[in-house]
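Each chain, written out:
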Amino acid sequence: MTKKLRVANIIEEARLGGPQVRIANVAKYIANSIDTVVLMPINNSNEFISLLDESRVPYKSFWMNSLSRKWKAVFLYILFFPYEVIKIAFFLRKNNINLVHVSGGSWQYKGFLAAKLSNTRVIWHLNDTYVPFVFRAFFGLLGKYVDSYIFASYRTKAYYDSFCNKNKKWSVIPAPVDTNVFSPSLIDDSISISNTQWKGKIVIGMVANISPVKGIDVFLNALKIVSTSSHDIVFVVIGPIYESQIKYFETFKKNIDE
């Protein structure tokens, strides 16, 4: 019997979003051939843990500091960085992990460094098309030493291409969509949130965490242009508002009113 590959999928942000949903879905569907364990911070992990439990995906939560715009969070991130990298590296060694899958973007340095420290092969999964230059530059220093890359889109690949090692293998793999869950046949009119005033109009929706990196300003600018020529179109944004984005959301609401 062939021994299954053991993969540690490491992400430094446990708050539920696109990468977290993708981690759970992929781990669930490859479980017959690959053993995956998810490593993540304890903080803000309740929803992610519920999804992993539902998908029967093993996980290990650590006290792990995540990057934030708050100075206290930055200080704690830097202060505990070496300790947390070593702690993850010990976990990889102790559990005979064959491959580290670094999820969440180019600023997920701890998983990469822990993999190198424990002499474990590593794939870096890149899913965005914007980070501050300093993060992308630091990724460029580290990312050239990965074993391969996964890009969520060709646009992502183009964005990071000059920072990657051209001699390493790469694949473009868009995030999967579970059509057993997201299907027009599953629409239930009894729980529709649409307003009766929308009937007969074209409704354009955006689903995203309320955050400036999601391009909601572009969505609003499109609304501005369209609304001057047509009143038969409705724009709607659906998504959670996290505590760190309340200030942005207030600005967002003012722009909507305007």
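Just so we're clear, the structure is a prediction, and the values are computed from it rather than from any experiment.

**Q** I'm lost on the pattern of salt bridges in this one. Help?
**A** Any two side chains of opposite charge can pair if their charged atoms end up close together. For the structure shown, the criterion picks out five salt bridges. As a salt-bridge pair, Asp35 and Lys4 come within 3.1 Å of each other at their nearest N and O atoms. Taken together, the residues Asp35 in strand 2 (residues 34-41) and Lys4 in the segment before strand 1 (5-10) connect sequence positions 31 residues apart.

**Q** Any chance you could explain the sheet that holds strand 7 (residues 169-172) here in plain terms?
**A** One key point about sheets: their strands pair by backbone hydrogen bonds, in either a parallel or an antiparallel sense. Here seven strands make up an open sheet; going across it, the order is 3-2-1-4-5-6-7 and the pairing parallel. Because the sheet does not close on itself, it has two edges, and the strands there are strand 3 (59-62) and strand 7. Taking the axes of each pair of neighbouring strands and ignoring which way they run, one obtains an average angle of 20° across the sheet. Relative to strand 4 (residues 99-102), strand 1 runs parallel, the two being bridged by four bridges. Its bridge partner lying in strand 4, Ile10 is registered against Val102. Along the sheet, helix 2 (residues 46-55) makes contact with strand 2 and strand 3, crossing strand 2 at roughly 165°.

**Q** What exactly am I supposed to notice about the packing of helix 1 (residues 18-29) against helix 2 here?
**A** Two elements in contact, helix 1 and helix 2, have axes separated by 9 Å at closest approach and are oriented at 15°. One way to sum up the angle between helix 1 and helix 2 is to call them roughly parallel. The hand of the helix 1/helix 2 crossing is right-handed. Within the contact between the two elements, helix 1 uses Gln20, Val21, Ile23, Ala24 and Lys28 and helix 2 uses Phe48, Leu51, Leu52 and Ser55. Taken together, the residues that form the contact of helix 1 with helix 2 break down as six nonpolar, two polar and one charged.

**Q** Where do I start with the pairing of strand 9 (residues 233-238) in this structure?
**A** In the case of a regular strand, side chains alternate between the two sheet surfaces. As paired strands, strand 8 (residues 202-207) and strand 9 are joined by six bridges and run parallel to one another. Looking at the pairing, Met206 lines up with Val237 of strand 9. Where the polypeptide runs from strand 8 across helix 7 (residues 216-227) and back to strand 9, its parallel neighbour, the crossover connection is right-handed.

**Q** Hey, could you run me through a nonpolar patch on the surface in this one?
**A** Judged by side-chain polarity, Phe75, Leu79, Phe80 and Tyr83 come together as a nonpolar surface patch covering roughly 440 Å² of accessible area. Tracing the backbone shows Tyr83 in helix 3 (residues 71-94).

**Q** Just checking my understanding: could you explain helix 4 (residues 109-117) for this structure?
**A** An α-helix turns once per 3.6 residues; consequently, residues spaced three or four apart project the same way. All of the buried residues in helix 4 are Tyr109, Lys110, Gly111, Phe112, Ala114 and Ala115. The inward-facing, buried residues of helix 4 contact strand 1, helix 3, strand 4, strand 5 (121-126) and helix 5 (133-143). Phi turns positive one or two residues past the end of helix 4, at Asn119, with a value near 55°.

The rules behind these values
Residues numbered from 1 in each chain as written. Predicted model: local features only at pLDDT ≥ 70, side-chain atom pairs only at ≥ 80, totals over all residues. Heavy atoms only, no water. Salt bridge = Lys/Arg side-chain N within 4 Å of Asp/Glu carboxyl O. Helix = DSSP H or I, 4+ residues; strand = E, 2+ residues; numbered from the N terminus. Pairing = 2+ DSSP bridges. Axes fitted to C-alpha atoms, helices over the stretch in contact; angles between N-to-C directions. Contact = heavy atoms within 4.5 Å. Parallel < 35°, antiparallel > 145°, perpendicular 65-115°, else oblique. Left-handed = near helix turned anticlockwise from the far one by under 90°. Nonpolar A, V, L, I, M, F, W, Y, C, P; charged D, E, K, R; others polar. Right-handed = clockwise from strand over helix to strand, strands pointing away. Patch = residues over 30% accessible without salt bridge, like charges linked within 9 Å, V, L, I, M, F, W, Y side chains within 5 Å. Areas by Shrake-Rupley, 256 points an atom, 1.4 Å probe, with all protein chains shown as cover. Buried < 20%, exposed > 50% of the residue type's maximum accessible area, 1.4 Å probe, protein only.

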